[in-house]
Amino acid sequence: IDVFKRIQEVEEKVKAFITLTVEKAYNMARDAENAIFAGKKNILTGIPIAVKDNICTKGILTTCASKILYNFIPPYESTVTLKLLNNNYILVGKTNMDEFAMGSSTENSGFHITKNPWDLERVPGGSSGGSAAAVAADECIAALGSDTGGSIRQPASFCGVVGLKPTYGRVSRFGLVAFASSLDQIGPITKCVADAAILMNVIAGYDVMDSTSAPIEKPDFTEYLGKDIKGFKIGIPKEYFIEGIDKEVEERLNEAIKHLESLGCIPVEISLPHTEYAVATYYLIATSEASSNLARYDGVKYGLRVEGKDLLDMYMKTRSRGFGAEVKRRIMLGTYSLSAGYYEAYYKKALQVRTLIKQDFEKAFEKVDFIITPTAPTPAFKIGEKIDDPLQMYLSDIFTISVNLAGLPAISIPCGFSINGLPVGLQIIGKPFDEAGILQLAYAYE
Ligand code: GLN
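Residues numbered from 1 in each chain as written. Predicted model: local features only at pLDDT ≥ 70, side-chain atom pairs only at ≥ 80, totals over all residues. Heavy atoms only, no water.

## Side note on the site of the ligand
Then step 1. With respect to spatial proximity, 15 residues lie near the ligand, and among them Gly 149, Ser 151, Tyr 282, Arg 330 and Asp 397 are the closest.
Then step 2. A distance of 2.7 Å is found between an oxygen atom of the ligand and a backbone nitrogen or oxygen belonging to Thr 148.
Then step 3. In this structure, a nitrogen atom belonging to the ligand sits 2.6 Å away from a side-chain N or O atom of Asp 397.
Then step 4. Tallied by class, the residues present in the shell around the ligand amount to five nonpolar, seven polar and three charged. (Near = heavy atom within 4 Å. Polar contact = N/O pair within 3.5 Å; in protein donor to acceptor, adjacent residues only side chain to side chain. Nonpolar A, V, L, I, M, F, W, Y, C, P; charged D, E, K, R; others polar.)

This is the structure we're talking about:
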């Protein structure tokens, strides 16, 4: 398979993968060939796809880029990869990420750093940095990522590719290792909008295995590609022109607005007044859910075990050795805000503000069909630039986080470059379950 030739050429520099599944891929290629001979060819048959390493693949190492799962081989298949398997895709490998998807640069991986293919001194974004870099570097045709606060869209924007975060409940989370269950969604990272629509056709849909999966019909997403976008009302939130937004990013956004206008769209200024609370709200809710979800890594059932003098000592040694600094920071923050006495002041307050943020969007969508913003305030930053400053790192998700809090679908598509040749991303946010509309608009823009 040619993709492995390419991987051989570039992977040493980019380091997008944790595991390459070469042998498996050749077997899958044979299966794909047989399917074709049997007349069962479809759109994904034989297509090389990479999968983020927090999505369980039966019999294949799935680490979440954490030392605590360094040897975890899932005994079951996630729903999304099962759907890909049923279409005879080819798994290229499992991609690098921030440990348990906590981060915005892939520097929090417990194993190695992934480089941005456009500039090897820069980060690919995160947490799905391996998936975005693999697509950008032509190490696969497409990839799956997961997005809790921007982890599909922000790396897609840093790597100049397309990344779609579906509506909460649109794609099954069965087999996705939980980070913050009320925010996590799986979605495609692709080279173009049409490929995102094709992948959505395969992975979306109700699943009995996920109790938060939405029992809603899915359209044929590809049917919306090429449809007219004249008359679409495009909201531009005034709160997103924040201090700290890169001048060039702002310029690219203004050009994008002009371009959409030339295609017949009508720009409308809107207000999302609770935007300034989004980052704080997200980091309370995400850390609370994470502290609870990550309690299962105790050295007993699977993964790393560091022996201790008794059970408690074993728990402590395993968790101290197995988790990286960012994961520990989040478990401590989450445990704090969930603890008696603080719950009302922090977690409960955050849930209330989450509702206000959601209502901001509902009000805006009474007036407009879509909302556009930059995906990230800056293009890809340098490796090491923000790693010692968690707050700075958290701010790189300022434009993507509200979308997860409100459960909405949003895409990041390339919209030009900065002066030093780094890709800039445009985010299109849609109404609940309007991925089709987002894809229609994104395709026309592209
Ligand atoms: N960067 C955000 C965080 O660190 C979002 C991560 C994600 O979407 N998985 O939590």
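## Topic: the sheet that holds strand β3 (residues 90-95)
Then step 1. Ordered in space as β1-β3-β2-β4-β6-β5-β10-β11-β9-β7-β8, the 11 strands form an open sheet in which the pairing is mixed. Bordering the open sheet on either side are β1 (17-20) and β8 (266-270), each of which pairs with just one other strand. Neighbouring strand axes in the sheet, compared pairwise and without regard to direction, differ in orientation by 30 degrees on average.
Then step 2. Of the pairings in the sheet, the one linking β1 to β3 comprises three bridges and is antiparallel in character. Bridging from a neighbouring strand, Leu 20 pairs with Gly 93 of β3.
Then step 3. In the packing of helix α11 (residues 344-367) onto the sheet, contacts are made with β7 (233-237), β8, β9 (370-374) and β11 (423-429), and the angle to β9 comes to roughly 115 degrees.
Then step 4. Against the sheet, helix α14 (residues 435-445) engages β5 (162-165), β7, β9, β10 (410-417) and β11, with an angle of about 10 degrees to β10. (Pairing = 2+ DSSP bridges. Helix = DSSP H or I, 4+ residues; strand = E, 2+ residues; numbered from the N terminus. Axes fitted to C-alpha atoms, helices over the stretch in contact; angles between N-to-C directions. Contact = heavy atoms within 4.5 Å.)

## Describing the packing of helix α6 (residues 193-203) against α14
Then step 1. Between α6 and α14, the shortest axis-to-axis distance is 9 Å and the interhelical angle comes to 160 degrees. For the element pair α6 / α14, the angle class is roughly antiparallel. Between α6 and α14 the crossing geometry is left-handed. Contacts from Val 193, Ala 194, Ala 196, Ala 197 and Met 200 in α6 reach Glu 435, Leu 439, Ala 442 and Tyr 443 in α14. (Parallel < 35°, antiparallel > 145°, perpendicular 65-115°, else oblique. Left-handed = near helix turned anticlockwise from the far one by under 90°.)

## Looking at the confidence of the model for the protein
Then step 1. When the pLDDT values of the protein are averaged, the result is 96; 100% of them are 70 or greater.
Then step 2. Here helix α12 (residues 390-395) stands out as the element of the protein with the lowest mean pLDDT, 84, in contrast to β5, whose mean of 99 is the highest. (pLDDT = per-residue confidence, 0-100.)

## Some words on the side chain of Ser 291
Then step 1. Examined against the element boundaries, Ser 291 turns out to sit in helix α8 (residues 278-293).
Then step 2. Of the residues examined, Ser 291 reaches a relative accessible area of 10% and is grouped as buried.
Then step 3. Polar side-chain contacts of Ser 291 include one of 2.8 Å to the backbone oxygen of Ser 288.
Then step 4. Once residues within four sequence positions are removed from consideration, Ser 291 is found in contact with Ile 331, Gly 334, Thr 335 and Leu 338. (Buried < 20%, exposed > 50% of the residue type's maximum accessible area, 1.4 Å probe, protein only.)

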